[in-house]
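# Structural overview for review
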Amino acid sequence: MKAIICKQFGPIDQLTYEETQEPAVSTNSAKIRITACGVNFPDALLVQGLYQAKPPLPFIPGCEFAGVVDAVGDQVTHLKPGDRVLASSLQLGGFAEKAVIDSSQLFLLPDDISDQQAAALPCAFGTAHHALKQRAQLQSGETLLVLGASGATGLAAVQIGKAMGATVIAACSSDEKLKLAKSHGADHLINYNNQNLAKSVKELTDRKGADVIFDPIGGDAFDSCTHCIAWNGRLLVIGFASGRIPTLEANLALVKGFSVVGVFWGAFTQHQPSTYQANMDELFGWLQSGDVTPYIDDLLPLSQAPQAMQQIINRTVKGKLILTPDA
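Now for a look at the structure at hand. (Residues numbered from 1 in each chain as written. Predicted model: local features only at pLDDT ≥ 70, side-chain atom pairs only at ≥ 80, totals over all residues. Heavy atoms only, no water.)

### Thoughts on the packing of aromatic side chains
As enumerated under the stated definition, the model contains five aromatic pairs in all. Aromatic pair phenylalanine 9 and phenylalanine 59: ring centres 6.0 Å apart, planes at 45°, arrangement tilted. Remark: phenylalanine 59 occurs in the loop between helix H1 (41-48) and strand S4 (65-72) and phenylalanine 9 occurs in the loop between strand S1 (2-5) and strand S2 (16-19); sequence separation between them is 50 residues. Judged by its relative accessible area of 5%, phenylalanine 59 falls in the buried class. For the pair phenylalanine 268 and tyrosine 276, a centre-to-centre distance of 6.5 Å together with 80° between the ring planes defines the contact as edge-to-face. Across this residue pair, the class does not change: phenylalanine 268 and tyrosine 276 are buried. Among the aromatic side chains, those forming a connected cluster through ring pairs are Phe107, Trp265, Phe268, Tyr276 and Phe284. Positioned above the aromatic ring of phenylalanine 9, the side-chain terminus of lysine 54 is 5.9 Å from the ring centre. (Phe/Tyr/Trp six-rings, centres within 6.5 Å; stacked < 30°, edge-to-face > 60°. Helix = DSSP H or I, 4+ residues; strand = E, 2+ residues; numbered from the N terminus. Buried < 20%, exposed > 50% of the residue type's maximum accessible area, 1.4 Å probe, protein only. Lys NZ or Arg CZ within 6 Å of the ring centre and 35° of its normal.)

### Re the pairing of strand S5 (residues 84-87)
Bridge count between S4 and S5: four bridges; the pairing is antiparallel. Each bridged residue has a counterpart across the sheet, and for alanine 66 the counterpart in S5 is leucine 86. Across three bridges, the pairing between S5 and strand S7 (residues 106-108) is antiparallel. Each residue of the ladder has a partner; that of leucine 86, found in S7, is phenylalanine 107. (Pairing = 2+ DSSP bridges.)

### Some points on the packing of helix H3 (residues 122-135) against helix H10 (residues 273-289)
When two helices pack together, their arrangement is captured by the angle between the axes and the distance separating the axes. H10 packs onto H3 with a crossing angle of 110° between their chain directions and a minimal axis gap of 10 Å. Classified by the angle their axes make, H3 and H10 are roughly perpendicular. You can see that H3 and H10 cross each other, and the crossing is right-handed. Contacts between H3 and H10 pair Phe125, Gly126, His129, His130, Lys133 and Gln134 from the former with Thr275, Asn279, Glu282, Leu283 and Trp286 from the latter. (Axes fitted to C-alpha atoms, helices over the stretch in contact; angles between N-to-C directions. Parallel < 35°, antiparallel > 145°, perpendicular 65-115°, else oblique. Left-handed = near helix turned anticlockwise from the far one by under 90°. Contact = heavy atoms within 4.5 Å.)

### Focus: H1
Taken as a whole, H1 has its buried residues at Asp43, Ala44, Leu45, Leu46 and Val47. In the core, the buried residues of H1 are packed alongside strand S3 (29-39) and helix H11 (305-313). Of the residues trailing H1, glycine 49 is marked for its positive phi of about 80°.

### Thoughts on the nonpolar core
If you look at the biggest cluster of nonpolar residues, it comprises 50 residues, and the most contacted ones within it are Leu132, Leu144, Ile160, Phe214 and Leu236. Residue contacts for isoleucine 160: discarding those within four places in its chain leaves Phe125, Ala128, His129, Leu132, Leu283, Trp286 and Val292. (Core = buried A, V, L, I, M, F, W, Y, C linked by side-chain atoms within 4.5 Å.)

### Considerations on the sheet that holds strand S11 (residues 210-215)
Read from one edge of the open sheet, six strands run S10-S9-S8-S11-S12-S13, paired in parallel fashion. Among the strands making up the open sheet, the edge pair consists of strand S10 (188-191) and strand S13 (259-262). Direction aside, the axes of adjacent strands within the sheet are offset by 20° on average. In the sheet, strand S9 (residues 167-172) pairs with S10 via four bridges, with the strands oriented parallel.

### With respect to the environment of valine 263
Considering the arrangement of structural elements, one finds valine 263 in the loop between S13 and helix H9 (265-271). By relative accessible area, valine 263 is classed as buried at 10%. Each C-alpha atom, one on valine 263 and one on aspartate 281, is 20 Å from the other, the two residues being 18 residues apart in sequence. Ignoring any residue separated from it by four or fewer positions in sequence, one finds valine 263 in contact with Thr127, His130, Ala131, Arg135, Leu236, Val237 and Ile238.

### Concerning the packing of H3 against helix H4 (residues 152-163)
The N-to-C vectors of H3 and H4 enclose an angle of 50°; their axes lie 8 Å apart at closest approach. The pairing of H3 with H4 is recorded here as oblique in orientation. Every pair of crossing elements has a handedness; the one defined by H3 and H4 is right-handed. Within the contact between the two elements, H3 uses Cys123, Ala124, Phe125, Thr127, Ala128, His129 and Leu132 and H4 uses Ala152, Thr153, Ala156, Ala157, Gln159, Ile160 and Gly161. Split into classes, the residues belonging to the contact of H3 with H4 amount to nine nonpolar, five polar and no charged. (Nonpolar A, V, L, I, M, F, W, Y, C, P; charged D, E, K, R; others polar.)

Structure representation (structure tokens):
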């Protein structure tokens, strides 16, 4: 089979697309023929050696994919060859033509959800859902500020925030990106390249501030958020796409009475598997009802995974990039 191989940590262009040994099925696993794989910011960090974890080399990156069951282990009873499935909460193995995965990490796909939609769902929508539901406990009627609102997780947070009954303020770096956020339900828009973020949020909330802030950007944007968050607000730390991990002036949290809440979706899926299952069931329901819709910016062949990751690092992607098998 063909796969993207990371042989050493370093620049993304060092990844290779080559023939490698097909994995064997074990007792409780299933072999999946991959039809669509999501590309995520952590994938790009992982291959550069910049992520929280560093897997043994060499490895195949890719943490979420949809596909068809090719074979199952002798202890697997809930899946059979031909079933369409979604695999998520992985760290490795998705950027390949086939993968073997523990059967407990596979979700059967409803007929009305495409492979591409499914592959766009777990990391982005899973992160946003867990952040807003379990970590922030977002309530209907509250105000949600979403930074990076045209990216995969940001756009998911806009949609999930609306599904949960919040008033959503979308903040992006361009009017084009804001237009996409608006088309997916954002109530108010802020271009933080030509507007003062904190001042604009205060104006939109009658100086109260945002009840919940969803921040996958970090850097200067995080600093601004500490000045426009409401009393009892929750500032969600999702990631640091800006490249700078910010530091918090702890006196601000004391005086303004807000909480800074970390969100690590991958760890959540391992520590709270039953809650994760319930979240995925709710996401599937919202997808089927049209309350959420993954926006796929482009479909690229598997061999172009390095280019896809570079686009994400460059912050030129709106929504999601999906890899499909080369012709």
